[in-house]
Amino acid sequence: MRKARSRGLRGAGWWVLLAGCVAVSAARAAPQLPAVYATVPPRIDGVLDDPCWTTAAHVEDFYFPNERRAETERTEAWVCVDARNLYAALWCHDSRPDTILMQQTMRGGSLDRDDYAVVHIDPTRRQLEHYSFRVSPRGTQSDTIPNSGSANIAWRGDWTAAAQRVEDGYIVEMAIPFSTLRYPRGQTAFAIAFGRNLERMEEGDYWPRMEDRFEDREMAILGPLQLADPVNRPAVMPYGILGLDGRGPHFQSGLDVRHTFSNDVKLLFTATPDFKNIEDVVETIAYSDTTRFLGETRPFFSEGASLFPGSTSLYTRQIPSVTTGLKCFGEVGGSEFGTFATLSHHGRFDSAADYVYHPTPYLSFGQGAVYHAGDAQPANLVTHSRFSSTHLLGRASLNWGGTLVHSFTAGPGGEGNVYNANINYYGDGVLGWWGNYSVTEPTFRAVDGYVPEPDTRGWGAGVSFSKRSQEHFIQSHYWDVGMGQFDKANGNLLQAWYSADGGVRLASGTSFSGSVFSLQRPPNRDRTISAGFRWGLDTLYDEGGVNVTWGHRGGGRYFFARVNQGWAPIPQVRLGWNSEYTLRRFHDPARANVYLTQNIFTATGELDPYTTLSARLVERHGHLNLFVAYRHAPPSGRGYYIFVGDPNTRETQGLVQVKLIWPL
């Protein structure tokens, strides 16, 4: 134990020494915007006829930082405030109004392939994160709330917006309540920036002017503001589920509580959370040598997830059905922290804590721990130390850092380390490169972590290039060449690989990609070629494509194909189809060939921006699972849901559930 601790101290000292060599560039003086108070608030209707807009702070001359040039189409923005709200308006002029894209109709849906206007706000001015409020020409709203993994508007905070098409573009108005923004007591100024996405050009324009990329540190300062102290009260949200299956009716109830303190610290409590009804990720059937890393879909774990240790020590999918959970996370000054504890069935207890210090927005040190106990496995503690640094070098960025993870397990064995160091240099139109070195000792054990292969040590390195050229037939292209080798602690080869891949995107909304991959993994030697073609890349729901991989993999001949297609016959109806096929033929007649198929059909009908009716049919190996869901989730938070079937079982289940949520 003493030897392990001394290694950890030496590692920590190494990171501190490296940090001392980091030079941080000075930021330019931020533009100032006066906080003009409106006597009469504007009507949020997308029409600039309110008196407040004649006196509001006004900006124009937006800039496209990725190509270091002025905006293609003129954009204007106005901002004013009153005691309760921040009001913003943007007039997005367009010389080709017939090309404006506005496909998304669902609030909270992706606007990435639509035109939209956006307001970015950093109410704490810490330059680490910001809120984003986006509105399409249709008036569809979407937002990004820091450290929020919940789709419940009542928890995220509601805001209003409207848009109107005009002869030369569209106009957007927004009203953003200060109660939606988390800021400390005594705050007198916000950082703010305005943006506009011109989708046909894949162009993101901003004010104030920023070189090379969007930068939090270069946002304007809006002030002085006379802000009321934040009013904080718990949001209590009980729910009940009435179910009916072959065993008869049954009832389940639970409770979620969320509270935000005046210093922007969040507290979450959940009792018998409704985790079972989450539609989980449908895993691909493509062959893999290790277990796959899948995303987390449970709100309790996804909220504030970035404020916890990395997946080597904490992979929350390892934690099963939870009966009770308590979570606290937030940011204070130049620090971030997160902690949680959960109880599961059979007396299982899991907890995690993490602390990250940011001397500057581009430099961070983190220290965390994850603990597991209480079931048939021995108690396990994993500590996680990390360091990262970013240097902005014109259009390019240089990122480097590393981690040291150490495990302690009760009883013999289970005490070991994971070391990792990485560096990468990249940017549009810049020859990039990357490298990493990692060691996972054979005695390392993390019950709640994602460690697909312990006992590895090795390196990887490569060069890459990508270039965007929107106004040409080839709108973008990229390539990457890499290689690496990993051995076991005894010196035997685990795997050695090299790869090359590249692709182009065309002005027609199509793309081509291809790759070659070679892997020596005793006793097998894999060699595969992959090719892909996609279409409908300019659309939101009509995209489709085909990807094929063939060659030798896993000790036999290998073929994998995926075909998918989306359709939106009208904006409120979306259909999707995804099919996968895998074939593995082995040279050894004693091994049975593997033949797998999977088909996924989805359909969603939007009844209004807050109500949907959806269905998902999954066919895998001849088994069918049909799941139907009706969801009504208005801004008030008083939602109700009807589920038919179980989305996470192998076959269709004769199960009907009605879920009610009513915030107190």
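From a predicted model like this one, the values you see are computed outputs, not experimental measurements. (Residues numbered from 1 in each chain as written. Predicted model: local features only at pLDDT ≥ 70, side-chain atom pairs only at ≥ 80, totals over all residues. Heavy atoms only, no water.)

Okay, the overall build of the chain next. On a plain count of helices and strands, the chain comes out with 4 helices and 38 strands. The C-alpha extent of the chain, read off along each of the three principal axes, is 80 × 65 × 55 Å. Classification of the 664 residues of the chain by burial places 50% in the buried group. Partitioning the intrachain contacts of the chain with sequence separation of at least 6 by distance along the chain shows that 55% fall at a separation of at least 24. For the chain, the accessible area works out to roughly 30200 Å², and carbon and sulfur atoms hold 59% of it. (Helix = DSSP H or I, 4+ residues; strand = E, 2+ residues; numbered from the N terminus. Buried < 20%, exposed > 50% of the residue type's maximum accessible area, 1.4 Å probe, protein only. Contact = heavy atoms within 4.5 Å. Areas by Shrake-Rupley, 256 points an atom, 1.4 Å probe, with all protein chains shown as cover.)

The predicted model of the chain averages 89 in pLDDT, with 94% of residues at 70 or higher. Scored below 50 in pLDDT, residues 1–27 makes 29 contacts in the model with residues more than four places away or belonging to other chains. (pLDDT = per-residue confidence, 0-100.)

The next subject is the nonpolar core. Proteins that are soluble and globular tend to have nonpolar side chains buried together. Of all hydrophobic cores here, the largest spans 38 residues; its most connected members are Leu86, Met174, Ile192 and Phe194. Listed in part, the 21 residues of the second largest apolar core include Trp155, Met237, Phe300 and Phe308. (Core = buried A, V, L, I, M, F, W, Y, C linked by side-chain atoms within 4.5 Å.)

So, about the pattern of salt bridges. Under the definition given, this model contains 31 salt bridges. With a shortest N-O distance of 3.8 Å, Glu331 and Lys266 are connected by a salt bridge. Within this pair, whereas Glu331 is found in strand β18 (residues 322–332), its partner Lys266 is found in strand β17 (residues 265–271), the two being separated by 65 residues in sequence. In this pair, the class of Glu331 matches that of Lys266, namely buried. For Glu296, the salt bridge identified is with Arg298, shortest N-O distance 2.9 Å. In this structure Arg298 comes out as buried when scored by relative accessible area, which is 10%. A single salt-bridge network, built from bridges that share partners, covers Arg43, Asp45, Asp49 and Asp50. (Salt bridge = Lys/Arg side-chain N within 4 Å of Asp/Glu carboxyl O.)

Quick look at the sheet that holds strand β10 (residues 160–166) now. Strand order in the open sheet made by the 5 strands is β2-β5-β6-β11-β10, with antiparallel pairing throughout. The open sheet has two edge strands, β2 (57–59) and β10, and neither has a second partner. Geometrically, the sheet is characterised by an average inter-axis angle of 15° between neighbouring strands, direction not taken into account. With 7 bridges connecting them, β10 and strand β11 (residues 169–177) associate as antiparallel partners. Note on β11: the bridge partner recorded for Val166 is Gly169. (Pairing = 2+ DSSP bridges. Axes fitted to C-alpha atoms, helices over the stretch in contact; angles between N-to-C directions.)

Along the polypeptide, Leu267 turns up in strand β17. By relative accessible area, Leu267 is classed as partly exposed at 30%. The sequence separation of Leu267 and Lys327 amounts to 60 residues, and the corresponding C-alpha distance is 5.7 Å. Those residues in contact with Leu267, other than ones at most four positions away along the chain, are Val257, Arg258, His259, Phe261, Leu326, Lys327 and Cys328.

In this section: the pairing of β11. For β11, the tally of buried residues reaches 9 of 9 residues, placing the bulk of the element in the interior. As defined by bridge partners, strand β6 (residues 85–93) adjoins β11 across 9 bridges and the pair is classed as antiparallel. Looking at the pairing, Leu90 lines up with Val172 of β11. Counting the residues in the hairpin turn of β10 and β11 gives 2 residues.

Taken together, the side chains of Leu242, Leu244, Phe251, Tyr640, Ile642, Val644, Val656, Val658, Leu660, Trp662 and Leu664 define a hydrophobic patch exposed on the protein surface, amounting to about 1000 Å² of accessible area. Listed by contribution, the elements that provide at least two residues to the nonpolar patch are β15 (235–245), β37 (639–644) and β38 (656–661). Positionally, Val656 belongs in strand β38. On the basis of relative accessible area, Val656 is assigned to the partly exposed category, the value being 36%. (Patch = residues over 30% accessible without salt bridge, like charges linked within 9 Å, V, L, I, M, F, W, Y side chains within 5 Å.)

Covalent bonding between the sulfur atoms of two cysteines defines a disulfide. Counted by the stated rule, this structure contains 0 disulfides. Unpaired in terms of disulfides, Cys80 finds its nearest cysteine sulfur in Cys52, a separation of 4.1 Å. Given the relative accessible area of 2%, Cys80 is considered buried. (Disulfide = S-S within 2.5 Å.)

What follows covers the packing of aromatic side chains. Given two aromatic rings, one states the distance between the centres and the angle between the planes to describe the pair. Applying the stated rule across the entire model yields 26 aromatic pairs. For Arg209, the ring lying beneath its charged end belongs to Tyr63, and the centroid distance is 4.0 Å. For the cation-ring pair, Arg584 lies above Tyr287, with the distance from its terminal atom to the ring centre recorded as 3.9 Å. (Phe/Tyr/Trp six-rings, centres within 6.5 Å; stacked < 30°, edge-to-face > 60°. Lys NZ or Arg CZ within 6 Å of the ring centre and 35° of its normal.)

Next up on the list: unusual backbone geometry. A cis amide bond links Trp207 to the next residue, Pro208, at an omega of 5°. As for its position among the elements, Pro208 is in the loop between β13 (203–207) and β14 (220–223). At Asp455, a position not held by glycine, the phi torsion is positive, near 65°. The topology assignment puts Asp455 in the loop between β25 (432–440) and β26 (456–468).

Moving on, we get to the pairing of β17. Inspection of the sheet shows strand β16 (residues 248–260) paired to β17 by 6 bridges, in the antiparallel sense. When the sheet's bridge partners are listed, Val257 is paired in β17 with Phe269.

Within the secondary structure layout, Asp448 lies in the loop between β25 and β26. Asp448 sits in the buried class, given a relative accessible area of 2%. Engagement of the side chain of Asp448 in a polar contact is seen with the side chain of Arg348, the distance being 2.8 Å. (Polar contact = N/O pair within 3.5 Å; in protein donor to acceptor, adjacent residues only side chain to side chain.)

Among the structural elements, Ala500 can be located in strand β28 (residues 493–506). Residue classification places Ala500 among the partly exposed residues on the basis of a relative accessible area of 30%. With sequence-adjacent residues up to four places away left out, Ala500 is seen in contact with Asp480, Val481, Gly514, Ser515 and Val516.

What follows deals with the side chain of Asp50. Checked against the element boundaries, Asp50 lands in the loop between β1 (32–34) and α2 (52–55). Overall, the relative accessible area of 5% leaves Asp50 in the buried class. Polar side-chain contacts of Asp50 include one of 3.1 Å to the backbone nitrogen of Arg43.

Within the secondary structure, Leu655 sits in the loop between β37 and β38. Taking the C-alpha atoms as reference, Leu655 lies 9.8 Å from Arg247; in sequence the two are 408 residues apart. Contact partners of Leu655, with chain neighbours within four places excluded, come to Leu244, Asp245, His250, Phe643, Val644, Gly645 and Asp646.

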